[in-house]
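So the chains spell out like this:
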Amino acid sequence: GNGVGSSSYQTTYADLIFTLNTVSFNGQNLPGLGLNIARYNIGGGGLPTDNIGGTVDNRPSIQPWYKDIDGYWKDWYSTSPTSSSWDWYRDSNQRNLMWAARDRGATFEFFANAPMWWMTSEKSSAGGALQSWNRRDFARYLASVVQYTHANWGVSVASLSPFNEPSAGWWTYPKDK
């Protein structure tokens, strides 16, 4: 979603993935796959402008752009999703593809690869452990995103997973290789 949402290929990819229609692509007529479940990464990354007391998202320099999924909760100043601590306009590419999948009948499973960057020991969505005092706020973040998505974007979420790969032995931070 991050790579093709909002692009000129968004409709084509959505049709290829989430319908059984024949779709013209690159000079060929291809059958749609008819998938009906979409996973949506609700992110945990921050923007360079998310400066909290001199602290910013500590991303590894080698992290590819397509793995950089911005989270909606910018800082810890307010837990209210209606406050300026939350930005519901982030992640527009992935969100636009989500809407395209919704319009084609997909069911959604939400997941978070990591908590918000400022909730981790390393101050990074690319690594570090969830700090114990942020467990409740991480749960609040997950629930707030699902609630907002349903109420404001017309997307129902069938399931939510708080971590994508919580115990992968190969994962290290910083990921420098």
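Use the structure listed above.
The shown structure was predicted, so the numbers you read here are calculated from the model rather than taken from an experiment.

### Examining the pairing of strand β3 (residues 37–41)
Successive side chains on a regular strand alternate, one facing one side of the sheet and the next facing the other.
Step number 1: Sheet topology places β3 next to strand β4 (residues 107–111); five bridges connect them, and they run parallel. The partner of Arg39 across the bridge, within β4, is Glu109.
Step number 2: With helix α2 (residues 92–103) bridging β3 and its parallel neighbour β4, the resulting β-α-β unit is right-handed.

### Digging into the pairing of β4
Step number 1: Alignment of β4 against strand β5 (residues 157–161), held across four bridges, turns out to be parallel. Residue pairing for β5: Phe108 is matched across the bridge by Val157.
Step number 2: With helix α3 (residues 135–153) bridging β4 and its parallel neighbour β5, the resulting β-α-β unit is right-handed.

### Digging into the layout of surface pockets
Step number 1: Approximately 320 Å³ is the volume attributed to the second largest pocket.
Step number 2: Every residue lining the second largest pocket is counted, 16 residues in all, and those nearest its centre are Gly1, Arg39, Tyr40, Asn41 and Gln94.
Step number 3: Every element with two or more residues in the lining of the second largest pocket is listed here: α1 (10–18), β3, α2 and β4.
Step number 4: Here the residues of the lining of the second largest pocket are counted per class, giving ten nonpolar, five polar and one charged.

### Thoughts on unusual backbone geometry
Step number 1: Its identity is not glycine, yet Asn26 carries a phi of approximately 55 degrees, on the positive side.
Step number 2: Its location among the elements puts Asn26 in the loop between β1 (22–25) and β2 (28–31).

### What about the environment of Val4?
Step number 1: Note that Val4 resides in the segment before α1.
Step number 2: Residues Val4 and Phe18, 14 residues apart in the sequence, show an inter-C-alpha distance of 14 Å.
Step number 3: Each residue touching Val4, except ones within four places of it in the same chain, is listed here: Gln10, Tyr13 and Leu97.

### Side note on the nonpolar core
Step number 1: Within the largest apolar cluster, 26 residues are counted, with the highest numbers of intra-cluster contacts made by Ile42, Tyr72, Phe108 and Tyr141.
Step number 2: Secondary structure elements with two or more residues in this core: β3, α2, β4 and α3.
Step number 3: With six residues, α3 is the single largest residue contributor to this core.

### Quick look at the pattern of salt bridges
Step number 1: One pass over the full model with this rule turns up eight salt bridges.
Step number 2: A salt bridge links Asp15 to Arg104, with the shortest nitrogen-to-oxygen separation between them at 2.6 Å. Residue Asp15 is located in helix α1, and its partner Arg104 is located in the loop between α2 and β4; the two are separated by 89 residues in the primary sequence.
Step number 3: Owing to a relative accessible area of 18%, Asp15 belongs among the buried residues under this scheme.
Step number 4: Close ionic contact of Asp70 with Arg59 constitutes a salt bridge, the shortest N to O distance being 4.0 Å.

Rules used throughout
- Residues numbered from 1 in each chain as written.
- Predicted model: local features only at pLDDT ≥ 70, side-chain atom pairs only at ≥ 80, totals over all residues.
- Heavy atoms only, no water.
- Pairing = 2+ DSSP bridges.
- Helix = DSSP H or I, 4+ residues; strand = E, 2+ residues; numbered from the N terminus.
- Right-handed = clockwise from strand over helix to strand, strands pointing away.
- 1 Å grid on protein atoms, 1.4 Å probe; cavity = no way out; pocket = protein on both sides within 12 Å on 5 of 7 lines; lining within 4 Å.
- Points joined across faces, edges and corners; volume = space filled by probe spheres on them.
- Nonpolar A, V, L, I, M, F, W, Y, C, P; charged D, E, K, R; others polar.
- Contact = heavy atoms within 4.5 Å.
- Core = buried A, V, L, I, M, F, W, Y, C linked by side-chain atoms within 4.5 Å.
- Buried < 20%, exposed > 50% of the residue type's maximum accessible area, 1.4 Å probe, protein only.
- Salt bridge = Lys/Arg side-chain N within 4 Å of Asp/Glu carboxyl O.

Treat this as a map of the structure, not an account of what it does.
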